[in-house]
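Structural features, examined
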Amino acid sequence: MAGKSLEESFTELEEVITKLEQEPASLEESFQLYKKGMDLLKQCHKSIDRIEKKMLVLNEEGTTDEF
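Residues numbered from 1 in each chain as written. Predicted model: local features only at pLDDT ≥ 70, side-chain atom pairs only at ≥ 80, totals over all residues. Heavy atoms only, no water.

Counting secondary structure elements, the protein contains two helices and two strands. In the protein, the succession of helices and strands from N to C terminus is α-α-β-β. Burial analysis of the protein (67 residues in total) assigns 16% to the buried set. For the protein, the proportion of contacts with a sequence separation of at least 24, taken over those separated by at least 6, is 43%. (Helix = DSSP H or I, 4+ residues; strand = E, 2+ residues; numbered from the N terminus. Buried < 20%, exposed > 50% of the residue type's maximum accessible area, 1.4 Å probe, protein only. Contact = heavy atoms within 4.5 Å.)

This part takes up a nonpolar patch on the surface. A contiguous nonpolar surface patch, about 470 Å² in accessible area, is contributed by L20, F31, Y34, M38 and L41. If you tally residues by element for the nonpolar patch, the top one is helix α2 (residues 27-54), at four residues. On the secondary structure map, L20 appears in helix α1 (residues 6-22). Overall, the relative accessible area of 35% leaves L20 in the partly exposed class. (Patch = residues over 30% accessible without salt bridge, like charges linked within 9 Å, V, L, I, M, F, W, Y side chains within 5 Å. Areas by Shrake-Rupley, 256 points an atom, 1.4 Å probe, with all protein chains shown as cover. Salt bridge = Lys/Arg side-chain N within 4 Å of Asp/Glu carboxyl O.)

In this section: the environment of S47. Within the secondary structure, S47 sits in helix α2. The exposure class of S47 is buried, given its relative accessible area of 7%. For S47 and S9, which are 38 residues apart along the polypeptide, the C-alpha to C-alpha distance reads 9.6 Å.

Put into structure tokens, the structure is as follows:
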């Protein structure tokens, strides 16, 4: 999953969710899809955290500080 953009990870996560909702799968296949989805969700969360830390906030003095 390393090197994927946030958008790519979200797209892949949507595909996993669709498969879980629509395709009849064995318990083992369902578990593998669930695990893949959770891994993608963690990757998305890490990417969002990195982006938030790079964002700048305007403080009371009118200057910017990093998040």
